[in-house]
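# Overview (structure and organization)
If you want the building blocks of each chain, they are given just below.
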Amino acid sequence: MNRRERRRAEAVSRAAPQSGRNADVARHYHDAVQSLKAGRLDESEIAHRRVLSLVPEHPPSLHHLGLIAFQRRDLEGAVDFIRQSVTAKPDYHEAWLNLAIILGELSRSKEAIEACRECLALQPGNANGHAILGNLLRVANNDAEAMTAFLNALNLKPNQPLVLARLGELHFKSNDIESATAYCNRALALDPELNEAKTLELRLSTMLGLTGTRIAEIEAQSDSNEERARKFDHLATYLRENRRFEEAADLGRRAIVANPGVADYHFNLALSYEGLGYRQDALASYQAGLAIDPNRAEGYACVGMLLSGMNMHAGAVQALEHAIKLNPMLAYAYYNLAIVQKQRENYDEARAAFQKCLECAPDEIVNRFEYINLRRLMCDWDGVDEEERVCLEIFRTRNVSIAPFQLIALRAKPSDQLKAAQSYTRTFDVPPSSRFTSYRSRLGAGERIRVGFVSCDFFEHATAMLFAEVLERIDRSRFEIFGYCHSPEDNSATRQRLLRSFEHLKKIGTMRNRDVAQSIHDDAIDILVDLKGYTRDARSEIFAYRAAPIQVNYLGYPGTMGAEFIDYLIADAMVAPMDAQEFYTEQIVHLPHSYQPNDRQRLISDAPMSRADFGLPDDAFVFCSFNNSYKLNATMFDVWMPLLQKVPGSVLWLLVPNTTCAENLRREAEARGVDPTRLVFAKRMPIAEHLARHRFADLFLDALPCNAHTTTTDALWAGLPVLTCLGDTFAGRVAASLLSAIELPELITTNLADYSDLALELAQNKTKLGAIRQKLAANRESTPLFDPARYTRNLERSFEMMLDIKRAGDAPRPFTVIENEVAQIAPSPIKIPAE
């Protein structure tokens, strides 16, 4: 909302009808209006409330109380009053229009548009109403209808520079440069200082490759170094916002040469360097800015975020705490401090920082979602379900961007996950001019198919442990395998094994994303596979450059990436049915059985151990859930605690990150009438020993809405039956996929009532549970889940089918891999020597 629109919303209604019911109403209403005109809000409110004491549904007073609330920045209160006003007087067009403006400021676009249409239905000749509708539609990304509304506004009132500028912006967005230029010129002719028109003019000139011309104009037309520096910085800011970081950095340096004593120029140059991946240069620029303005809290906050990205967490905490000391109300400093502390597993400190963040910015939805996730990680569930519900409703009605992984363990719909992913991808999109459009790749014609895998999980990580044997088994006579690694050096056997599996390995940890993309392009990769998706430390921007003709989302992230530059998602019929294609921007590829690979070489320790070693009773039935703590929730505890009550002496064995989490879970058990000592907490331990201790559990209880993924595989490989309930999203259907692949469908339920009944039956019927354990032991050796050779054939075939489609000149499309049992495969993994 711009200032003109805000003034309109704050203005006193011109046509406020007065009630003639009695003289007191008229007198109080007159006093209220005069006080409002004079800016005496408290006196006006008192007088309006006197009116309402006599006429409780007096529309003008309700409307004006809404405007008073708006001026006090109580936007929800303003909406409530004005809704009462239009309920009492449905033809009150001015109230409808102000309601639309305030709802727009709350980012409640759908409601705002509806309110504005109500106004225009009553007053179709209101040029201002059409202009406001156009802006609401523009913000909601409904560009076609926004154009129509702006044209209606101009037909009624032609000389509106702001409307002309916004109409020009929409034409620019649709690549109609001629119309955009015409509307921009008309706007500037009417108001040469209109910022939106000047910005559009800048965008047009830079898009047309006229940056050099603009630089020359600035040099020639500036009367002083200060003016020159200001204009260079303004142009640099525009270019940076459009991810043209090289040009932005050049202009930032020019601004500093012209006027080196302005801290903001150094800070802005640092942002350009960050965009380029030049972190040390960015840090030096921040330090130069802080030398000029040492009390700039925002500068220290930016340094903290930069250091966090460099994994210098102690320094990041120090910088962020200093930013907070300088400005105790700086919400995003608290936010980033909370994120850093969470990454360091300092959960109590993270919680305190989030609480301060929300005190400073209580309505910031991103902060609220992050705090929900922290509280779920700590199993602090008091009120969190309701907060989650409210935040999801806000997310569904507003144009807000949140990290998609935040929704994985929440009760989000597939449509929510799609919306989050599509919005998030815009944060690292690259200009079309920077994307590769031609390739050296021959798409496997006459040579081996070149497949590249990008990940930071080539170490002792779940993805690596699942994928290692399949990577080794890929047929090197048909495929040439490249690894692009930005993983930590943990010196583990898993890491060494993975790195040996690549014919070509490039360590990209210190490389810029653009340089990595160039390297991939130079390697003539046919198929580029993202093993991270939107998980921690992902580098999705590499894929945004379109470094390879085919790009694939696989294994690391259980959902859509919402990105037009990812062509395929490797899945299966359980986790992503074809009738769910509308919730994926990628084309779904079904592998037979399960999408998840597995490694038969994973060792299970044979070291002596007993139940007593883990605090488990010798003769008790042991329910187990080694899920990450953020996947646990009150709903699952409402199912699990009655099981403990119905199975005498039974215990629930859980894996939690710290004592705070354990205490929270003990409290939740006690609140449900269960002795807290019946919860037993496991500590983290090496994977071989962790797998071995599964034999002391009797039944693994899976969770919803986010299943156990690798954790399910761990249990099944160790011989422990897993009971699951089928969810609605990819992440909530993984355990069912794995159980189907090991041919144990009897352990898949479709609702929590059946899940609870079956858990109880298995706990009370040792014969039935024993038969399932025996079946699991046999199927572990004979079914597809733990057959990496079979899986590798199917994965290879999926890659070949992607290339077949590309060679035919067709767009990517969904397909299913049909298993060919006749195909031959090497009897043992192929070992590739290290380069």
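Keep in mind that what you see is a predicted model, and the values were worked out from it rather than measured.

### Comments concerning the environment of Thr-724
Tracing the chain through its elements places Thr-724 in strand 12 (residues 722-725). Put simply, Thr-724 and Tyr-183 are 541 residues apart on the chain and 59 Å apart in space, counted from C-alpha to C-alpha. Apart from the residues within four sequence positions on either side, Thr-724 is in contact with Asp-702, Asn-707, Ala-735, Ala-736, Leu-739, Leu-747, Ile-748, Thr-749 and Tyr-755.

### What to know about helix 35 (residues 766-782)
An α-helix turns once every 3.6 residues. As a result, residues three or four positions apart point the same way. The end-to-end C-alpha distance of helix 35 is 24 Å, a good match for the 24 Å that 17 residues give at a rise of 1.5 Å each. Turning to helix 35, its buried residues number three or more, namely Leu-769, Ile-772, Leu-776, Asn-779 and Arg-780. Projected onto a plane normal to the axis of helix 35, the buried residues spread over an arc of 110° and lie on a single side. Away from its buried face, by an angle of more than 90 degrees, helix 35 presents the exposed residues Lys-766, Thr-767, Gln-774 and Ser-782. As for helix 35, its buried residues are in contact with strand 11 (699-701), helix 32 (710-717) and helix 34 (752-764). The opening residue of helix 35, the one whose side-chain oxygen lies 3.2 Å from the backbone nitrogen of Thr-767, is Asn-765.

### Focus: the pairing of strand 9 (residues 651-655)
Among the five residues of strand 9, five are classified as buried, and the element is accordingly described as predominantly covered. Side chains of strand 9 alternate between two faces, with Val-651, Trp-653 and Leu-655 and Leu-652 and Leu-654 buried alike. In this sheet, strand 9 lies alongside strand 8 (residues 622-625) in parallel orientation, the contact comprising four bridges. Counted as the bridge partner of Phe-623 is Leu-652 from strand 9.

### Side note on unusual backbone geometry
With an omega dihedral of 5°, the bond running from Leu-704 to Pro-705 counts as a cis peptide bond. The residue Pro-705 is located in the loop between strand 11 and helix 32 in this model. The phi torsion at Asn-311 lies on the positive side, around 60°, for a residue other than glycine. Mapped onto the secondary structure, Asn-311 falls in the loop between helix 18 (297-309) and helix 19 (313-326). The class of Asn-311 is exposed, set by a relative accessible area of 55%.

### Quick look at empty space enclosed by the protein
Any space left empty among the atoms is revealed by the rolling of a water-sized probe across them. Evaluation of the coordinates by the stated rule reveals one cavity of 30 Å³ or more. Space inside the largest cavity adds up to approximately 60 Å³. Together, Pro-592, His-593, Ser-594, Gln-596, Ala-741, Pro-784, Leu-785, Arg-790, Tyr-791 and Asn-794 line the largest cavity. Ranked by residue count, the leading element in the lining of the largest cavity is helix 36 (residues 788-807), at three residues. Looking at side-chain class alone, the lining of the largest cavity contains five nonpolar, four polar and one charged residues.

### A short note on the nonpolar core
One broad rule of soluble globular proteins: the nonpolar side chains tend to lie buried together. Core analysis: the biggest nonpolar cluster contains 274 residues, and Phe-453, Trp-640, Trp-653 and Leu-665 have the highest contact counts within it. With sequence-adjacent residues up to four places away left out, Leu-665 is seen in contact with Cys-379, Trp-381, Leu-632, Phe-637, Leu-654, Val-656, Leu-679 and Phe-681. Core analysis: the next-biggest nonpolar cluster, separate from the first, contains seven residues, Leu-36, Leu-62, Leu-65 and Phe-81 among them.

### Here we look at the sheet that holds strand 14 (residues 815-816)
Taken in spatial order, the eight strands make up an open sheet running 3-2-1-4-5-6-7-14, and their pairing is parallel. Each end of this open sheet is capped by a strand with a single partner; those strands are strand 3 (504-507) and strand 14. The pairing of strand 7 (residues 587-590) with strand 14 spans two bridges and is parallel. Paired with Val-589 across the two strands is Phe-815, which belongs to strand 14. Contacting strand 1 (449-455), strand 2 (479-485), strand 4 (527-530), strand 5 (550-553), strand 6 (568-571), strand 7 and strand 14, helix 36 crosses the sheet at an angle of about 155° to strand 6.

### A few points about the packing of aromatic side chains
Following the criterion strictly, the structure yields 25 aromatic pairs and no others. Between the aromatic rings of Tyr-273 and Tyr-278, the centroid separation amounts to 6.3 Å while the plane-to-plane angle is 45°, which identifies the pairing as tilted. Judged by its relative accessible area of 29%, Tyr-278 is partly exposed. Members of the aromatic cluster, joined through ring pairs, are Tyr-424, Phe-428, Tyr-534, Tyr-557 and Phe-565.

### Re the layout of surface pockets
Volume-wise, the second largest pocket comes out at about 380 Å³. Lys-198, Glu-201, Arg-214, Lys-231 and His-234 are the residues nearest the centre of the second largest pocket, which is lined by 14 residues in total. Of all the elements in the fold, those that place two or more residues in the lining of the second largest pocket are helix 12 (195-207), helix 13 (211-221) and helix 14 (225-241). The element that contributes the greatest number of residues to the lining of the second largest pocket is helix 12, accounting for five residues. Classifying every residue of the lining of the second largest pocket by side-chain character gives four nonpolar, four polar and six charged.

### Regarding the pattern of salt bridges
Per the stated rule, a full pass over the model turns up 70 salt bridges. The salt bridge involving Glu-359 is made with Lys-356; its shortest N-O contact spans 3.4 Å. Separated by three residues within a single helix, Glu-359 and Lys-356 lie in helix 21 (residues 347-360), roughly one turn from each other. Judged by its relative accessible area of 54%, Glu-359 is exposed. Residues Asp-537 and Arg-536 are paired through a salt bridge, measuring 3.9 Å at the closest nitrogen-oxygen approach. On the basis of relative accessibility, which here comes to 47%, the residue Asp-537 falls in the partly exposed class. Overall, Arg-536 belongs to the partly exposed group, its relative accessible area being 47%. Through salt bridges with shared partners, a single ionic network connects Asp-475, Arg-478, Glu-796, Arg-797, Glu-800, Asp-804 and Arg-807.

### Structural notes on the confidence of the model for the protein chain
Looking at the protein chain as a whole, its pLDDT mean stands at 93, while 95% of the residues score no less than 70. In the model, residues 1-20 has pLDDT below 50 throughout and makes 47 contacts with residues more than four positions away in sequence or in other chains. Between residues 821-835, whose pLDDT stays under 50, and residues either more than four places distant or in other chains, the model counts 28 contacts.

### Some thoughts on the pairing of strand 7
Alternating positions in strand 7 separate into two faces, Gln-587 and Val-589 on one and Ile-588 and His-590 on the other, with burial throughout. Relative to strand 7, strand 6 runs parallel, the two sharing four bridges. Looking at strand 7, one finds that Tyr-568 is bridged to Gln-587.

### Digging into the environment of Gln-645
Mapped onto the elements of the fold, Gln-645 is located in helix 29 (residues 634-646). For the pair Gln-645 and Val-674, spaced 29 residues apart in the sequence, the C-alpha separation amounts to 6.9 Å. When residues no more than four places from it in sequence are discounted, the contact partners of Gln-645 are Arg-672, Gly-673, Val-674 and Arg-678. One polar contact links the side chain of Gln-645 to the main-chain carbonyl oxygen of Arg-672, over a distance of 3.1 Å.

### What about the packing of helix 20 (residues 331-343) against helix 22 (residues 365-377)?
Following both chains from N to C, one finds helix 20 and helix 22 inclined at 25°, their axes separated by 11 Å at the closest point. In terms of axis orientation, helix 20 runs roughly parallel to helix 22. In this structure, helix 20 crosses over helix 22, and the sense of that crossing is left-handed. Side by side, helix 20 and helix 22 meet where Tyr-335, Ile-339 and Lys-342 of the first sit next to Val-366, Asn-367, Glu-370, Asn-373, Leu-374 and Leu-377 of the second. Broken down by class, the residue content of the contact of helix 20 with helix 22 amounts to five nonpolar, two polar and two charged.

### Looking at the packing of helix 13 against helix 14
Axis separation between helix 13 and helix 14 bottoms out at 9 Å; the angle between their running directions is 160°. In terms of axis orientation, helix 13 runs roughly antiparallel to helix 14. Both helix 13 and helix 14 take part in a crossing whose hand is right-handed. Residues Thr-211, Arg-214, Ile-215, Ile-218, Glu-219 and Gln-221 of helix 13 form the contact with helix 14, whose participating residues are Glu-227, Arg-228, Lys-231, Phe-232, Leu-235 and Leu-239. Residues of the contact of helix 13 with helix 14, tallied by class, amount to five nonpolar, two polar and five charged.

The rules behind these values
Residues numbered from 1 in each chain as written. Predicted model: local features only at pLDDT ≥ 70, side-chain atom pairs only at ≥ 80, totals over all residues. Heavy atoms only, no water. Helix = DSSP H or I, 4+ residues; strand = E, 2+ residues; numbered from the N terminus. Contact = heavy atoms within 4.5 Å. Expected span 1.5 Å × (residues − 1). Buried < 20%, exposed > 50% of the residue type's maximum accessible area, 1.4 Å probe, protein only. Arc of directions from axis to C-beta. Polar contact = N/O pair within 3.5 Å; in protein donor to acceptor, adjacent residues only side chain to side chain. Pairing = 2+ DSSP bridges. 1 Å grid on protein atoms, 1.4 Å probe; cavity = no way out; pocket = protein on both sides within 12 Å on 5 of 7 lines; lining within 4 Å. Points joined across faces, edges and corners; volume = space filled by probe spheres on them. Nonpolar A, V, L, I, M, F, W, Y, C, P; charged D, E, K, R; others polar. Core = buried A, V, L, I, M, F, W, Y, C linked by side-chain atoms within 4.5 Å. Axes fitted to C-alpha atoms, helices over the stretch in contact; angles between N-to-C directions. Phe/Tyr/Trp six-rings, centres within 6.5 Å; stacked < 30°, edge-to-face > 60°. Salt bridge = Lys/Arg side-chain N within 4 Å of Asp/Glu carboxyl O. pLDDT = per-residue confidence, 0-100. Parallel < 35°, antiparallel > 145°, perpendicular 65-115°, else oblique. Left-handed = near helix turned anticlockwise from the far one by under 90°.

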